[in-house]
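Architecture and fold: a report
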Amino acid sequence: MDPPPASSSAASSYATPPQPSYAPSYPSSYTKFNSALNAGLLNPMSPPPLLLDKTRSSPTLFDMMANEQDYHPRTAAAGVHSIPAPPPQPHQLQPARSMDRQMLLQDRIADLIGSCSPGNQFNDADSSDVRLTLSSKDGLSVTLCVHRHILVAHSRFFAAKLSDRWSKQQRTLPHIVEISDCDDVEVYAETLRLMYCKDLRRRLMREDVNKVLGILKVSAAIVFDAGVLSCLEYLEAAPWAEDDDEKVAALLTQLHLENSGAGEVLKRVSLELAPSAVVAEAEVGGSCNGGNSSGGEEVLLRLLQVVLEGKDEKARREMKGLVSKMLRENSTSRGGAIGGDLRKESLYSACNGCLSLLCEQFVRASEGDHSEVAQIARQADNLHWMLDILVERQIAEEFLRTWAMQTELAAMHRKVPAIHRYEVSRVTARLFVGVGKGQIFVSKEARCQLLSTWLEPFYEDFGWMRRACKGLDRHLIEDGLANTILTLPLATQQEILLAWFNRFLNSGEDCPNIQRGFEVWWRRAFWKRNSEPEQPSRLKITAICENS
């Protein structure tokens with residue numbers, strides 16, 4: 001126990017003359033050592049010096065350090081108390097750590113608010129009528145300025161809590177509301193911000209699976225139906241890491257969202273789920289700029305068309321890079337609008353023109369007319385470039401659906417020599433990479449149709465692509481194809497991957513190596529299910545019910 005604090009009388013006696021001679025004096029050697037120690041010249045954690053002379057009558061330095069308490073001046077009788085500072089305890093550091101975490105939270109919330117598009121009223125203190133404080137279980141809190149009519153319109157939880165009757169009972173504005181015991185304050189704030197977004201799915205495309213799972217949990221808790229549907233659509237179309245399987249399945253089972261379309265998501269990891277309602281398909285791309293084309297758009301369209309029709313391949317490559325850079329910079333300067341001055345319809349009009357020319361050349365080549373066969377590779381290269389632009393602006397979903405429906409083009413594919421047609425499979429490969437990396441979100445039916453129409457032609461051209469395309473990232477394409485297959489229901493995965501297994505054994509290097517995807521499917525379909533202790537019991541009960 002620490003000694004009591006010195007009294008005022010004791011403090012006044014501190015300046016008295018030296019004490020009587022009965023107070024022992026320190027040996028000079030100890031005084032020098034103590035001075036060096038206080039000056040930082042010695043390491044206080046180092047061991048004491050060795051005892052050199054045991055026959056000396058005076059105490060050694062080691063003796064004095066071992067019996068230090070016996071050498072303190074006896075000044076207690078004179079009323080002077082020395083109060084050593086207690087060592088820092090863990091609980092004394094906790095307030096500082098809490099303050100650091102609170103500051104980090106405030107910084108992240110500030111970044112969240114700062115990323116809002118111009119005109120967004122989220123956390124707008126001037127127009128808001130509700131001051132909402134979110135508090136976590138570990139003491140962190142943040143206060144947001146929100147709007148009652150937006151919360152009520154999007155969330156049935158807030159509609160019940162912030163009803164008209166409740167609002168009339170409040171005497172002052174803004175209304176003060178607090179939500180305590182939040183699991184994650186930052187995710188809760190992110191969910192509230194989604195209520196202010198016009199295109200929730202496009203906003204969620206920037207997040208990873210863990211963040212979307214957190215938003216889904218909060219959306220379900222506050223009955224934010226649009227948020228729940230958008231999160232489920234993301235999870236149904238986005239590629240997962242294998243480690244995410246259990247997290248997704250556990251949360252969806254916990255939230256009981258079968259009627260909202262969770263069953264379609266769970267089909268990717270389980271063969272035993274009964275069919276459930278499919279979430280209605282909605283277009284991922286953002287709203288297009290309205291009105292007539294501006295002068296800037298006309299110039300960009302002319303540049304785009306000149307590049308698409310260019311004859312010199314070297315110049316075309318250079319100008320494609322220049323036009324892509326201009327489109328990117330123009331989009332950024334316009335605050336993230338799709339393509340800046342270049343509208344979505346204009347981009348797709350150019351794509352459709354290239355696709356029409358490609359189909360015409362394929363028909364001629366399949367009939368034996370090879371006079372313009374070089375146009376096949378050029379138009380395929382144009383489509384590949386346009387697809388890159390669409391993917392960068394997150395509006396490539398319509399392109400994928402259109403390409404997946406080109407069954408006649410795929411049927412003519414084998415009739416054209418591989419040296420002229422392999423560029424077409426680069427377009428398919430880019431779509432696989434886009435889906436596999438979460439850059440293109442389309443429905444399960446569209447992904448299945450893409451593979452059904454173009455997987456065989458892609459296999460046939462893969463050897464030519466590998467040898468003829470300079471700088472081709474084979475592993476990127478293989479990972480994209482594997483991830484695309486793994487986004488499908490488990491039964492479809494099995495059908496595609498078993499067919500690939502047979503082809504790979506007979507083609508070798510001329511077939512893409514998607515062994516990693518094959519292993520993931522195997523563990524999902526058999527290893528993980530067989531390792532569950534409850535699985536045999538469930539199967540046994542099912543068999544008994546069928547026999548009865």
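This text gives an overview of the structure that appears in the document. Given the structure is predicted, the values throughout are model-derived calculations rather than measurements.

Here we look at the overall build of the chain
Along the chain, the regular secondary structure elements total 25 helices and three strands. Residues counted as buried form 42% of the 548 residues belonging to the chain. Considering only residue pairs separated by 6 or more positions, the chain has 73% of its internal contacts joining residues 24 or more positions apart. As displayed, the chain offers around 30,400 Å² of accessible surface, 54% of which is attributable to carbon and sulfur atoms.

Remarks on the environment of Ala446
Mapped onto the fold, Ala446 is located in helix H21 (residues 444-468). Sequence separation between Ala446 and Thr402 is 44 residues; the distance between their C-alpha atoms is 9.4 Å. Look past the residues within four positions of Ala446 in its chain and what remains in contact with it is Leu400, Arg401 and Ala404.

Topic: the packing of aromatic side chains
Think of a pair of aromatic rings as described by two things: how far the centres are apart, and how the planes are tilted against each other in angle. One pass over the structure, following the stated rule, counts 17 aromatic pairs. The interplanar angle of 10° and the centroid separation of 4.7 Å between the aromatic rings of Trp403 and Trp454 together place this pair among those described as stacked. Of the two residues, Trp403 sits in helix H18 (residues 397-404) while Trp454 sits in helix H21, which places them 51 residues apart along the sequence. Since its relative accessible area comes to 1%, Trp454 is described here as buried. Centre to centre, the rings of Trp500 and Phe501 are 6.4 Å apart; their planes meet at 70°, and the pair counts as edge-to-face.

Concerning the nonpolar core
By size, the foremost hydrophobic cluster in this structure holds 72 residues, and its most contacted members are Leu304, Leu358, Met386, Phe399, Trp403, Phe458 and Leu481. When near neighbours in sequence (up to four residues on either side) are disregarded, Phe458 contacts Ser425, Thr428, Ala429, Phe432, Met465, Ile477, Leu481 and Pro512.

What to know about helix H11 (residues 225-237)
Between its first and last C-alpha atoms H11 spans 19 Å; for 13 residues at 1.5 Å apiece the expected length is 18 Å, and the two agree. Counting buried residues in H11 gives 10 out of 13 residues, a clear majority hidden from the surface. All of the buried residues in H11 are Gly227, Val228, Ser230, Cys231, Leu232, Glu233, Tyr234, Leu235, Glu236 and Ala237. For H11, the secondary structure elements touched by its buried residues are helix H9 (200-204), helix H10 (209-221), helix H12 (244-255), helix H13 (262-266) and H21.

Considering the environment of Asp199
Looking at the element boundaries, Asp199 is found in the loop between helix H8 (185-194) and H9. Looking at Asp199, the relative accessible area reads 23%, which means it is partly exposed. Along the backbone, Asp199 and Ser230 are 31 residues apart, and their C-alpha atoms lie at a distance of 9.3 Å.

Some words on the packing of H21 against helix H22 (residues 474-486)
Where H21 contacts H22, the axes come no closer than 13 Å and their chain directions differ by 165°. Classed by the angle they form, the pair H21 and H22 counts as roughly antiparallel. In this structure, H21 crosses over H22, and the sense of that crossing is left-handed. Between H21, through Leu451, Leu455, Phe458, Tyr459, Phe462, Met465 and Arg466, and H22, the contact on the second element is made entirely by Arg474, Ile477, Glu478, Leu481, Thr484 and Ile485.

About the criteria used
Residues numbered from 1 in each chain as written. Predicted model: local features only at pLDDT ≥ 70, side-chain atom pairs only at ≥ 80, totals over all residues. Heavy atoms only, no water. Helix = DSSP H or I, 4+ residues; strand = E, 2+ residues; numbered from the N terminus. Buried < 20%, exposed > 50% of the residue type's maximum accessible area, 1.4 Å probe, protein only. Contact = heavy atoms within 4.5 Å. Areas by Shrake-Rupley, 256 points an atom, 1.4 Å probe, with all protein chains shown as cover. Phe/Tyr/Trp six-rings, centres within 6.5 Å; stacked < 30°, edge-to-face > 60°. Core = buried A, V, L, I, M, F, W, Y, C linked by side-chain atoms within 4.5 Å. Expected span 1.5 Å × (residues − 1). Axes fitted to C-alpha atoms, helices over the stretch in contact; angles between N-to-C directions. Parallel < 35°, antiparallel > 145°, perpendicular 65-115°, else oblique. Left-handed = near helix turned anticlockwise from the far one by under 90°.

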